[in-house]
Amino acid sequence: MTAGSPGPVDDSDDKGGLRAALGGLTTRGRSFLAAGVAAAVCAFVLGQGDLLRVGLLLAVLPLVCVTVLYRTRYRVVGSRRLSPSRVPAGAEARVHLRMDNVSRLHTGLLMLQDRVPYVLGPRPRFVLDRVEPGGVREVSYRVRSDLRGRYPLGPLQLQLSDPFGMCELTRSFSAYDTLVVVPRTEPLPPLRLAGEASGYGEGRQRSLALAGEDDIIPRGYRHGDDLRRVHWRSTARHGELMVRREEQPQRAGCTVLLDTRRIAYQGGGPGSAFEWAVSGAASALVHMLERGFAVRLLTDEGSAAPGGDTDGFPGSIHESAESAGLMMDALAVVGHSDGGGLSRAHDVLRGGDEGLLVAFFGDLDEEQAAVAARMRQRSRGAVAFVLDSGDWTRDGRTAAPAVGSERLRLLREAGWTALPVPPGAELARLWQQAGQEGPGVRSSAAGTTTGFLGGRS
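Report on the accompanying structure. Remember, it's a predicted structure, so these values are computed and weren't measured experimentally. (Residues numbered from 1 in each chain as written. Predicted model: local features only at pLDDT ≥ 70, side-chain atom pairs only at ≥ 80, totals over all residues. Heavy atoms only, no water.)

Considering the nonpolar core
- With 45 residues, the main nonpolar core has Val 256, Leu 285, Leu 331, Phe 360 and Phe 385 as its most contacted residues.
- It is helix α7 (residues 273–290) that contributes the most residues to this core, eleven residues altogether.
- Residues within four places of Val 256 in sequence aside, it is in contact with Ala 281, Ala 284, Leu 285, Val 295, Arg 296, Leu 297, Leu 298, Val 358 and Phe 360.
- Listed in part, the 33 residues of the second largest apolar core include Leu 25, Ala 93, Leu 153 and Cys 167. (Core = buried A, V, L, I, M, F, W, Y, C linked by side-chain atoms within 4.5 Å. Buried < 20%, exposed > 50% of the residue type's maximum accessible area, 1.4 Å probe, protein only. Helix = DSSP H or I, 4+ residues; strand = E, 2+ residues; numbered from the N terminus. Contact = heavy atoms within 4.5 Å.)

Points about the pairing of strand β9 (residues 168–172)
- Of the two faces of β9, only the one carrying Leu 169 and Arg 171 is buried; Glu 168, Thr 170 and Ser 172 on the other face are not.
- Sheet topology note: the strand β8 (residues 156–161)/β9 ladder contains five bridges and is antiparallel. Looking at β9, one finds that Ser 161 is bridged to Glu 168.
- Taking the residues that link successive antiparallel strands as the turn, the β8-β9 hairpin has six residues, and the phi of Gly 165 there is positive, at about 70°. (Pairing = 2+ DSSP bridges.)

Considering the environment of Gly 424
- Relative to the assigned elements, Gly 424 resides in the loop between β18 (417–421) and α13 (427–437).
- With 148 residues separating them in the primary sequence, Gly 424 and Trp 276 have C-alpha atoms 8.2 Å apart.

Observations regarding empty space enclosed by the protein
- Summed over the entire model, instances satisfying the criterion amount to one cavity of 30 Å³ or more.
- Estimates place the volume of the largest cavity at around 30 Å³.
- Lining the largest cavity, in full, are Val 76, Met 99, Asp 100, Asn 101, Thr 107, Leu 110 and Val 131.
- Of all the elements, strand β3 (residues 92–101) adds the most residues to the lining of the largest cavity, at three residues.
- Of the residues assigned to the lining of the largest cavity, the class counts are four nonpolar, two polar and one charged. (1 Å grid on protein atoms, 1.4 Å probe; cavity = no way out; pocket = protein on both sides within 12 Å on 5 of 7 lines; lining within 4 Å. Points joined across faces, edges and corners; volume = space filled by probe spheres on them. Nonpolar A, V, L, I, M, F, W, Y, C, P; charged D, E, K, R; others polar.)

Overview of the sheet that holds strand β2 (residues 86–88)
- If you trace the three strands from one edge of the open sheet to the other, you get β2-β10-β7, paired in mixed fashion. The strands lining the two open edges of the sheet, one partner per strand, are β2 and β7 (149–153). Geometrically, the sheet is characterised by an average inter-axis angle of 25° between neighbouring strands, direction not taken into account.
- Of the pairings in the sheet, the one linking β2 to strand β10 (residues 177–182) comprises three bridges and is parallel in character. Within β10, the residue paired with Pro 88 across the bridge is Val 182. (Axes fitted to C-alpha atoms, helices over the stretch in contact; angles between N-to-C directions.)

Re the side chain of Arg 261
- On the secondary structure map, Arg 261 appears in the loop between β13 (253–258) and α7.
- If near-sequence neighbours (up to four positions away) are discounted, Arg 261 is found in contact with Asp 300, His 336, Ser 337, Gly 339, Gly 340, Gly 341, Leu 342, Asp 363, Leu 364 and Gln 368.

Quick notes on the sheet that holds β9
- With respect to topology, four strands assemble into an open sheet ordered β5-β4-β8-β9, the strand pairing being antiparallel. Only two strands of the sheet have a single neighbouring strand rather than two, namely β5 (125–128) and β9. Each strand of the sheet is rotated relative to its neighbour by a mean of 20°, with strand direction disregarded.
- Note that strand β4 (residues 110–114) and β5 share four bridges and pair antiparallel. Within the sheet, the bridge partner assigned to Leu 110 lies in β5 and is Leu 128.

Brief notes about the packing of α7 against α13
- In contact at an axis separation of 11 Å, α7 and α13 are set at 60° when each is read in the N-to-C sense. Taken together, the axes of α7 and α13 are oblique relative to one another. Judged by the sense of rotation from one axis to the other, the crossing of α7 with α13 is right-handed. Residues Trp 276, Gly 280, Ser 283, Ala 284, His 287 and Met 288 of α7 pack against Leu 427, Leu 430 and Trp 431 of α13.
- Its residues assigned to classes, the contact of α7 with α13 comprises six nonpolar, three polar and no charged. (Parallel < 35°, antiparallel > 145°, perpendicular 65-115°, else oblique. Left-handed = near helix turned anticlockwise from the far one by under 90°.)

A closer look at α7
- Look at α7: 26 Å from first C-alpha to last across 18 residues, which is about the 26 Å you get at 1.5 Å a residue.
- Most of α7 sits inside the fold, with 15 of its 18 residues counted as buried.
- At the exit of α7 stands Gly 292, carrying a positive phi of roughly 95°. (Expected span 1.5 Å × (residues − 1).)

Structure representation (structure tokens):
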């Protein structure tokens, strides 16, 4: 028997041949064959005809089972479905397996086995009864991982055995599936954010009330344009047919910066400082996307996800929704970089107004703290969550060293809302604290001073 995926296969295509089938003899089959050969040799030496017949029976039985099992022809189709295919670390996903017998023969007893990485749990095995012609069998199992990453599932394997247990043949399907385990995200409290008034929320509603959902910007008439959009006043002014052009209001932008330098973090595992930073970056970008911001994920190497586009942000809500999954996929596999500084990220940010900047830094020396401080000049507001990985490896039993306070002071003097991250801290609480400690901005509606997350707008 052979197997394939996703389409059906026939065992006549098996290139392993009968020799490969002989390799499928079980311990019982090999014992019978050895006992039969030994009995036949003893019968020949001793001249015992009855013993010879017994020996031949013992030797022939496993060979007959191999031949019958090898010559059994039926066609099966296997498929796998993940639900869901992207899960946060620590959550479970269910894998559904389906076997279709598309031949005209009943199958024998089948053992179904799926290959999974050890971090997802034990290898699942299922025993399927005989499947009638055109019959379907469905089974499922659960996988779970506390470590983010991309994990291949497959190939699916079928094991066929004869009724006497003399031989077992295993064939594999060819298809793989991938389970993406993304970082855990933590729901964050809604705060009034820097840059929101000009791109989203109340400010956006006010601008729509004044200008309407469509900004009227005339352009030249093109073949196929609706004549009802002809702007006659602009037509008379330009001397040619002009039509109204729709343009959506610009959305506020937010850059989430993740420091991945290897030298900036100590330790490893789900509870390490680096994993907290990755999870924090994922929580921040999801939260900002839910608030309607156009979000860009940036690393210390200057590369952005998705696709390494550093020219700008997604242009629409639809594009942001599509890129959110790609950014989470990128965070699922992000690892330490070998870079020693933040200069590449600074070069990307120095192009102009970058909106809100939310950064997750590891250990910063004096030079890198100065580079990070200069990043503040390219954003309307900036929030930094600074991790002392040494403090994390000491399980928080000692206070942060003085150099940590010095780098926080340097960032705050540059205009950052900088907060230290103690071991095991909750991002939601730090997020709320950042909104309270941000520089005061006077609210035009209430005439009171309000804390903005990120500082000046």
